[in-house]
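Chain residues, written in single-letter form:
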Number of protein chains: 2
Amino acid sequence: MAREGRGSNIAVIKYWGKRDKKKILPINSSLSVTLSPFDMGTCTSAAYNPSWKGVKLWLNGKEEDANTERIQNCLREIQARSGESDMKEGIRIVSTNNFPTAAGLASSASGYACLVAALGGLFKVEGDLSVIARQGSGSACRSMYGGFVKWEMGKEEDGSDSIAVQVAPETHWPSLHALILVVSDEKKKVSSTGGMEESVRTSKLLAHRAQAVVPDRMVRMEQAIKDKDFAAFGKLTMEDSNQFHATCLDTWPPIFYLNDTSRAIIQFVHAFNEEMGQICAAYTFDAGPNAVLFVEEANLVKLAHRVSAAFPPSKDKTLEDHLADDELRNKVQEVGGWEADQDMGGRVKYIIHTKVGCGPSALTEDESLIDLSSGLPK
Amino acid sequence: MAREGRGSNIAVIKYWGKRDKKKILPINSSLSVTLSPFDMGTCTSAAYNPSWKGVKLWLNGKEEDANTERIQNCLREIQARSGESDMKEGIRIVSTNNFPTAAGLASSASGYACLVAALGGLFKVEGDLSVIARQGSGSACRSMYGGFVKWEMGKEEDGSDSIAVQVAPETHWPSLHALILVVSDEKKKVSSTGGMEESVRTSKLLAHRAQAVVPDRMVRMEQAIKDKDFAAFGKLTMEDSNQFHATCLDTWPPIFYLNDTSRAIIQFVHAFNEEMGQICAAYTFDAGPNAVLFVEEANLVKLAHRVSAAFPPSKDKTLEDHLADDELRNKVQEVGGWEADQDMGGRVKYIIHTKVGCGPSALTEDESLIDLSSGLPK
């Protein structure tokens, strides 16, 4: 038996801080865009065979400990919903990401979303699974749906109303594109779990943000998405990214996810928008230095042209290595007049072009990552 | 006739935001340490001769416009207090800084403090001059006194109670030292005047900081200084520096004063304190990338040794160019085992060693910067 799921998301109203660490309940609601699984995704296969011993997990080709609290949370909840008596035996999970793990591109979110989708498929669990994914990794619950998804913080102590809700499907805003600027794929130094715990404990600004700033932003962001109002969507996205990083800086000891390259990207986007006379591009940064830029189709080639000149490949590399999308790169090269800022050479490692994507989707057994006879990764 | 003043200060509870732009009234109280004028100071001479035409001003050897609103504010207030009928004629002002102008080391604060002290001396104005200095540059009012000085935000609409008050004199805590790490002397891109205006207008966190965070910090900081409790003083200083920069990041568009070197310094200080088992060093950053580190005498040589190894001179320079204080440098060299982090070579341009200093002080006519016969700089 085997099933697969895919997903990945980037928050435009950020989740930072838990009110209940064990149940993973947040101090504020958040909202994200699910990115196309074909560019920024996770593939997970789960298989079950009672003759296999224990639960085993391989992540990106390396065996990892499956006895973590988070994975056990997911297994326990799936078990409770499926009616299976004992899920401590016979389970094999194989997962691969097509983007840098722990570089701040929410791989744990898509990872747990896929895991829960795959386990849910494997054990035929019906209904909303976001409440289970949340217990693996908070933001994973948003990756259980495609398009634009909010995670309602909820009020109940048991977390039963802290679930993901789709605000609009992936087909709602087809002209919305994303460019992901991978600044560094070094492992981040402060994990988001540890970081947000410190922020809740020490930042004097975070509670104010959660209580007094985010509720209004959630309402306005939902409206901007419904209206496909890019200027409003973009401004809120940038303001919220900046405020999230501001609360990190207000944490003791301070947490830094942005570096000088991230800052140069922020200033580049503001300069681009100033030149355009309105907000045509928007940045957002998660718990790492990489940028996700949103842009509408009408301005995509112009932005990609500018970005790849302002943040060009290092001297030993070409634009072919740098901007992976052939079609977009050809259009950028057609524009011409490409003059690289040599000082910034190599500061952005590569640029991924993607769009709004669907949530986890079941794949065929042929695509399984598990060899069903041995229970090992293929 | 000629008089001189000197002064410079670094805030440990930051001033950021005006409730009245014209009168320069702040949204919160602030507190600073006046630094020794011999290391980090401004020298200003003011002379008056009714036969000279107009008001002229030279700053660091270059003639500048004396008809700015801020200088006119100071002249007008001095005039009102002195009873002089017309101060639009016959005044010559010459001012020099011994540190980089506009690099975030509060040169405008010491500049206006000196200007007001010199004019006050010239026209024999008695009593508190901080209320006048405030109208030149807000934080200048704190440089009117030595030692530890608070600027009380005040309640009155006319600003008459928005004045500087000495919390403790320069003799109170003689073991307190400061190392100034000059990261860059490029002109800063966002002036503090413009920056704080944008922050007041756009940051959702700044008003909360001013109303709900700073009042308690002011009380605790004053107590820490009175108790000479370095751990409490240092933690508050660092937390407040971080929160000030957090509100800059929460501004639209975001303001960045810290760069990757500033961040490396912050992380260095946290690592140093962790190793020491308590807070023995504290950083603070104004509107620029330069750091001011506070340390008590017992840990000065150890900190200076570590700092000059972690942030060494560039390859073409020696420690003699880098750490200007001969006595301290000799002690650092005696410690030995000095292994420079080559990756960081030149990221800190030079290190200034200084102490808590006195406020503006009158000097002799011999020391005047003005040639009294011509009214021109000497």
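Worth saying up front: this structure is predicted, and the values here are computed from it rather than measured. (Residues numbered from 1 in each chain as written. Chains lettered and ligands numbered in written order. Predicted model: local features only at pLDDT ≥ 70, side-chain atom pairs only at ≥ 80, totals over all residues. Heavy atoms only, no water.)

1. Thoughts on the relation of the copies chain B and chain A
Note on the copies: chain B fits chain A at an RMSD of 0.0 Å, the axial shift is 0.0 Å, and the rotation between them is 180°. Both copies of the chain, as the preceding transformation shows, are related through a two-fold rotation axis. Minimal C-alpha distance to the rotation axis in chain B is attained by A246(B), lying at 2.1 Å. The share of interface residues of chain B whose copies in chain A are also at the interface is 100%, consistent with both copies meeting through the same surface. (Least-squares fit on C-alpha atoms with pLDDT ≥ 70 in both. Contact = heavy atoms within 4.5 Å.)

2. Some remarks on the packing of helix α7 (residues 260-276) of chain A against helix α8 (residues 297-310) of chain A
Residues and elements named next belong to chain A. Across the interface, α7 lies against α8 with an axial gap of 12 Å and an inter-helix angle of 135°. It follows from the interaxial angle that α7 and α8 lie oblique. As α7 packs across α8, the resulting crossing turns out to be right-handed. Every residue of α8 that contacts α7 at F268, F272, E275 and M276 is listed here: N299, K302, L303, R306, V307 and A310. Along the lines of polarity and charge, the residues of the contact of α7 with α8 split into 6 nonpolar, 1 polar and 3 charged. (Axes fitted to C-alpha atoms, helices over the stretch in contact; angles between N-to-C directions. Helix = DSSP H or I, 4+ residues; strand = E, 2+ residues; numbered from the N terminus. Parallel < 35°, antiparallel > 145°, perpendicular 65-115°, else oblique. Left-handed = near helix turned anticlockwise from the far one by under 90°. Nonpolar A, V, L, I, M, F, W, Y, C, P; charged D, E, K, R; others polar.)

3. Description of helix α4 (residues 192-202) of chain A
Residues and elements named next belong to chain A. The complete set of buried residues in α4 reads G195, M196, S199 and T202. The buried side chains of α4 occupy one side of the element, clustering within an arc of 145° when seen end-on. In this structure, the buried residues of α4 make contact with β3 (18-20), α5 (206-226) and α6 (230-249). (Buried < 20%, exposed > 50% of the residue type's maximum accessible area, 1.4 Å probe, protein only. Arc of directions from axis to C-beta.)

4. With respect to the sheet that holds strand β11 (residues 164-168) of chain A
In sheet architecture, strand pairing relies on hydrogen bonds along the backbone and comes in two forms, parallel and antiparallel. Residue and element names in this part refer to chain A. Across the sheet, 4 strands lie side by side as β2-β5-β10-β11; this open sheet has antiparallel pairing. The sheet is open, and its two borders are formed by β2 (9-13) and β11, each paired with just one other strand. Direction aside, the axes of adjacent strands within the sheet are offset by 35° on average. With 4 bridges joining them, β2 and strand β5 (residues 30-34) adopt antiparallel strand pairing. Across the sheet, residue A11 finds its bridge partner in β5, namely S32. Each of β2 and β5 touches α6; the most contacted strand, β2, lies at about 95° to it. (Pairing = 2+ DSSP bridges.)

5. A look at the interface of chain B and chain A
Contacts between the two partners involve 28 residues from chain B and, on the opposite side, 28 residues from chain A. For the chain B and chain A pair, buried surface summed over both sides reaches about 2600 Å², with 69% attributable to carbon and sulfur atoms. Inspection of the region where chain B meets chain A yields 0 salt bridges. Secondary-structure elements contributing two or more residues to the side of chain B that touches chain A are α5 (206-226), α6 (230-249) and α7 (260-276) of chain B. Considered class by class, the residues forming the side of chain B that touches chain A number 13 nonpolar, 7 polar and 8 charged. (Buried area = accessible area lost by both parts, 1.4 Å probe. Salt bridge = Lys/Arg side-chain N within 4 Å of Asp/Glu carboxyl O.)

6. Points about the packing of aromatic side chains
Across all of its chains, the model carries 26 aromatic pairs over all chains by this definition. On the numbers, 5.3 Å between centres and 65° between planes, the contact of Y48(B) with F123(B) is edge-to-face. You can see Y48(B) sitting in strand β6 (residues 42-48) and its partner F123(B) sitting in the loop between α2 (107-122) and α3 (130-133), a full 75 residues away along the chain. Exposure remark for F123(B): the relative accessible area of 8% places this residue in the buried category. Pairing F268(B) with F272(B) gives two aromatic rings, centres 6.3 Å apart and planes at 25°, and the pair type is stacked. Separated by 4 residues within a single helix, F268(B) and F272(B) lie in helix α7, roughly one turn from each other. Classification of F268(B) as buried rests on a relative accessible area of 14%. Connected via pairs of aromatic rings, a cluster forms that spans F148(A), W173(A), F230(A), F233(A) and F294(A). (Phe/Tyr/Trp six-rings, centres within 6.5 Å; stacked < 30°, edge-to-face > 60°.)

7. Thoughts on the environment of L25(A)
Residues and elements named next belong to chain A. Within the secondary structure, L25 sits in strand β4 (residues 25-26). What makes L25 buried here is its relative accessible area of 1%. In this structure, the C-alpha to C-alpha distance between L25 and D158, residues 133 residues apart in sequence, is 9.1 Å. In this structure, L25 is in contact with G17, K18, R19, D20, R134, E156, E157, G159 and S162, ignoring residues within four places of it in sequence.

8. Remarks on unusual backbone geometry
Only a minority of non-glycine residues have a phi that is not negative, and only a minority of peptide bonds are not trans. Residues and elements named next belong to chain A. Cis rather than trans, the peptide bond between W252 and P253 has omega equal to -15°. Along the chain, P253 turns up in the loop between α6 and α7. Positive phi, normally seen in glycine, also occurs at N60, with a value near 50°. Position of N60 relative to the elements: it lies in the loop between β7 (55-59) and β8 (62-64). Using a relative accessible area of 35% as the deciding quantity, one classes N60 as partly exposed. In this structure, K124 is a non-glycine residue whose phi angle is positive, near 55°. Inspection of the secondary structure assignment puts K124 in the loop between α2 (107-122) and α3 (130-133). Using a relative accessible area of 61% as the deciding quantity, one classes K124 as exposed.

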